[in-house]
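Fold and geometry: a report
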Amino acid sequence: MKKRNKLLCGLVSLAATAALSAADLNSPFESLPAETLAAFRFDNSPETLDQYVDNTRLGQLLFSEAKIAEYKSFIEDLIESEDEGGNFISRLGEVGLELDDLYRMVGSHFGAAVVNQEVPEHLPMPTFLVWAEMGEGVAERAFTAVLEGSIENEEIERTDLELPGGPGARIKNLTDGSSFLVSQLGNRFFFAIGNVMQPITSMDEAKVFENAELEALGQFMAAQQEGGGEFLTRFYADSGIGEVRPDYPTRLELLGDLGAVFDFIPPQNRQLFEALEFDAFTKLGVWSGFVDMQERSTIFVGSPTPRSGIATLLENEFFEFQPPEWVPSNVNAYTVAAFDMNKVYDFALDMAKKFMPPEQVEQQLAMANGQLQMTLQSDIPTLMSAFGKRIHVLEYPIEVVSMENPNGTSLDLPRASQAMVMDFTRPEILQAGMAMIAGMAQNPAAGIELVDEQGFAGVRVQDPAQGVVTIAHGMGKLVFAVGSEETSSRIFSALTNPPQGENALVNSSEFRSFIADANVKPGVLFSYSRGEEILKNLVPVFKSLGTSMRATAGEDAAGLMERAIALFPSEEELDGLLGITFSRMYHNDHGIILEGSNQYK
């Protein structure tokens, strides 16, 4: 049974309830209270998308009027296939909406936040606030649709509310007592729901939490009409955040107080979390925006010095970005990172002593060293010190391999092709290990093949999921290759006979042009990739997905999947859309920072 009541929130003056235009209001993000734990905003408005359409080939391809019409046609056909009776569309009409309204809702400024709302005489209640700034009239229709949708359901009770500046309602499920709030302020639509952190023992107690939830939403709406909130001022007062905050307009902004969020981890799950010292991380900031024909991004994780726990693994020595001469220019991506195996070993040892008595750890360590001495004529410290201080990862174009099915048919599947290379200064240790494995390789059932190719010796294993996995050493390098036999042959060849001229990444005109313009500073990790080729790698993946759907899910589902795949540009259409994608990680006294850029053409 449904009833309607009206409740005056009483949080603001008469001026606050007057109708205001968007220009008169603070943004929702600027209006969040000091008790906010985490928040994000994302601008998907038509004005922002027009920047990509007007300035980039990718935007013109993906967001042209013709392409958007194709998207809409596909969505309508998808709805029709899943809802043959037309109930979805008719239900939209009953609550005053059209399908185009849903598209307009997606194309809006939206965001969400978690506010640690105070509750009198109870634990604070994390309250989720969600908002969307929509086109003219859309927020009102969305709000009305929620109200109308509650009318015919006897299990729903709706309480109409007057909130600061606009109407609101509590929608309650009578079967379990759960509820949420919705409201409207001009062209803004709001949703709020609290997450009670303790048992509720009475109806009166439930009312206390409902009032706190209502207060959170009411104060949020009031702040948009008055002086804003305190969250951003407090958050950006942090010197570490302020130092890395971008000075360009951002489309995405995500901010969080990691220490406060981590407090909500249940006690039974905290042991590993605290052992890794994740609780030493402080702030999180993520920003992204379109500027100078690039999509730029910055990620900051607060980790003040002196660091401890897992953060120490990222605190490595800075180096200049300079690919080795053996990295070919035709790789899709090349990543290099500072990596200290001794530090990893010390961290693992410290972790073990947090979960076991130190004397037991030392005993097991002595046993492990004894085993290594017998098999490899070495011990753990010697083995760890043999590794170099850099790890290089090469990503080749996706390989399409033919897989035999049990019924005798075959299926072409895309497979990632990657190689990882590290310096290794103690080849006798690896030779001892390979000698031990050689005996196992004589058994065909073991699935191990010995490798002796281009000056590299090792083993090769067929893995059903990864394909061919090769581990080998030679020329002072340790190589891991995943993909096919060709993957390992490629990296062996590059190391043995380094590519010359434009065939070497470091000498290629594309790389040199990028480095000349980018002013790359030292860091602990760099990743360089050809964005266009990364996108093209998705084409065979999608084709394979469509083929698999046709074989397993039937004609109708496969047909829809193939239509969805057809919306993605072809390899030819992807030519000339993107430039270099680059990222750099570094650290300072305040935290760990990852900066990235995607070039558009």
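**Topic: unusual backbone geometry**
With omega at -5°, the peptide bond leading from Thr305 into Pro306 counts as cis. Structurally, Pro306 can be placed in the loop between β11 (294-302) and β12 (333-338).

**With respect to a negative patch on the surface**
On the surface, Glu148, Glu152, Glu154 and Glu155 cluster together into a patch of negative charge. Judged by relative accessible area, Glu155 falls into the partly exposed class, the value being 46%.

**Some details on the packing of aromatic side chains**
Under the definition given, this model contains 23 aromatic pairs. Measuring from centroid to centroid gives 5.9 Å for Phe278 and Phe281, while their planes differ by 45°, and the two rings are tilted. A relative accessible area of 27% places Phe278 in the partly exposed class. Ring centres 5.3 Å apart and planes at 80° place the aromatic pair Phe319 and Phe526 in the edge-to-face group. Separated by 207 residues along the polypeptide, Phe319 in the loop between β11 and β12 and Phe526 in strand β19 (residues 525-530) bring together distant segments of the chain. Grouped by ring-pair contacts, the aromatic residues Phe319, Phe321, Tyr334, Phe511, Phe514, Phe526, Tyr528 and Phe582 constitute a single cluster.

**A closer look at helix α6 (residues 99-106)**
Side chains of residues three or four places apart in an α-helix project in the same direction, reflecting 3.6 residues per turn. Taken as a whole, α6 has its buried residues at Leu99, Asp101, Tyr103 and Met105. Residues of α6 that are buried make contact with α4 (65-82), α5 (87-94) and α7 (138-149).

**Overview of the confidence of the model for the protein chain**
One rule of thumb: low pLDDT means the predicted coordinates there are not for detailed reading. Considering every residue of the protein chain, the mean pLDDT works out to 88; 91% of them sit at 70 or more. Of all helices and strands in the protein chain, the one with the weakest mean pLDDT is helix α1 (residues 14-17) (38), whereas β12 scores best (98). Counting interchain partners and residues more than four positions distant, the pLDDT-below-50 stretch residues 4-19 has 32 contacts.

**Quick notes on the environment of Val539**
For Val539, the position within the fold is in helix α19 (residues 531-552). Owing to a relative accessible area of 8%, Val539 belongs among the buried residues under this scheme. With 141 residues separating them along the chain, Val539 and Ile398 place their C-alpha atoms 9.9 Å apart. The residues contacting Val539, other than those within four sequence positions of it, are Phe568, Pro569, Glu571 and Leu574.

**Some points on the pairing of strand β6 (residues 166-173)**
Looking down a regular strand, the side chains alternate between one sheet face and the other. Across the eight residues that make up β6, a large majority, six, are buried. Strand direction decides the pairing type here: strand β5 (residues 156-163) and β6, joined by eight bridges, are antiparallel. Across the sheet, residue Thr159 finds its bridge partner in β6, namely Arg170. Joining the antiparallel neighbours β5 and β6 is a turn of two residues, in which Gly165 adopts a positive phi near 90°. Direction of pairing for β6 relative to strand β7 (residues 179-185): antiparallel, over a ladder of five bridges. Across the sheet, Gly168 pairs through a bridge with Ser183, a residue of β7. Between β6 and β7, which pair antiparallel in sequence order, lie five residues; one of them, Gly177, sits at a positive phi of approximately 85°.

**Some remarks on the side chain of His473**
In this fold, His473 is placed in strand β17 (residues 467-474). Excluding its chain neighbours within four sequence positions, the residues that come into contact with His473 are Pro427, Leu430, Gln431, Met434, Gly455, Phe456, Ala457 and Leu478.

**Description of the nonpolar core**
One finds Phe321, Tyr334, Leu394, Ile491 and Tyr528 to be the most contacted residues of the largest nonpolar core, which totals 31 residues. Of all the elements in the fold, those that place two or more residues in this core are β12, β13 (387-404), β14 (410-424), α17 (485-496), α18 (509-518), β19 and β20 (578-587). Excluding its chain neighbours within four sequence positions, the residues that come into contact with Leu394 are Trp326, Val327, Pro328, Val331, Ala333, Tyr334, Ser417, Gln418, Ala419 and Ile491. Counting residues in hydrophobic clusters, the runner-up holds 29 residues, among them Leu32, Phe231, Phe235 and Ile241.

**As for the packing of α6 against α7**
Where α6 meets α7, the axes come as close as 10 Å, and the angle between the chain directions of the two elements is 115°. Crossing geometry of α6 relative to α7 is assigned as left-handed. Along its contact with α6, which presents Asp101, Arg104 and Met105, the element α7 presents Val138, Arg141 and Ala142.

Reading guide: rules and limits
- Residues numbered from 1 in each chain as written.
- Predicted model: local features only at pLDDT ≥ 70, side-chain atom pairs only at ≥ 80, totals over all residues.
- Heavy atoms only, no water.
- Helix = DSSP H or I, 4+ residues; strand = E, 2+ residues; numbered from the N terminus.
- Patch = residues over 30% accessible without salt bridge, like charges linked within 9 Å, V, L, I, M, F, W, Y side chains within 5 Å.
- Areas by Shrake-Rupley, 256 points an atom, 1.4 Å probe, with all protein chains shown as cover.
- Salt bridge = Lys/Arg side-chain N within 4 Å of Asp/Glu carboxyl O.
- Lys, Arg positive; Asp, Glu negative; His and termini not counted.
- Charge placed at Lys NZ, Arg CZ, Asp CG, Glu CD.
- Buried < 20%, exposed > 50% of the residue type's maximum accessible area, 1.4 Å probe, protein only.
- Phe/Tyr/Trp six-rings, centres within 6.5 Å; stacked < 30°, edge-to-face > 60°.
- Contact = heavy atoms within 4.5 Å.
- pLDDT = per-residue confidence, 0-100.
- Pairing = 2+ DSSP bridges.
- Core = buried A, V, L, I, M, F, W, Y, C linked by side-chain atoms within 4.5 Å.
- Axes fitted to C-alpha atoms, helices over the stretch in contact; angles between N-to-C directions.
- Left-handed = near helix turned anticlockwise from the far one by under 90°.

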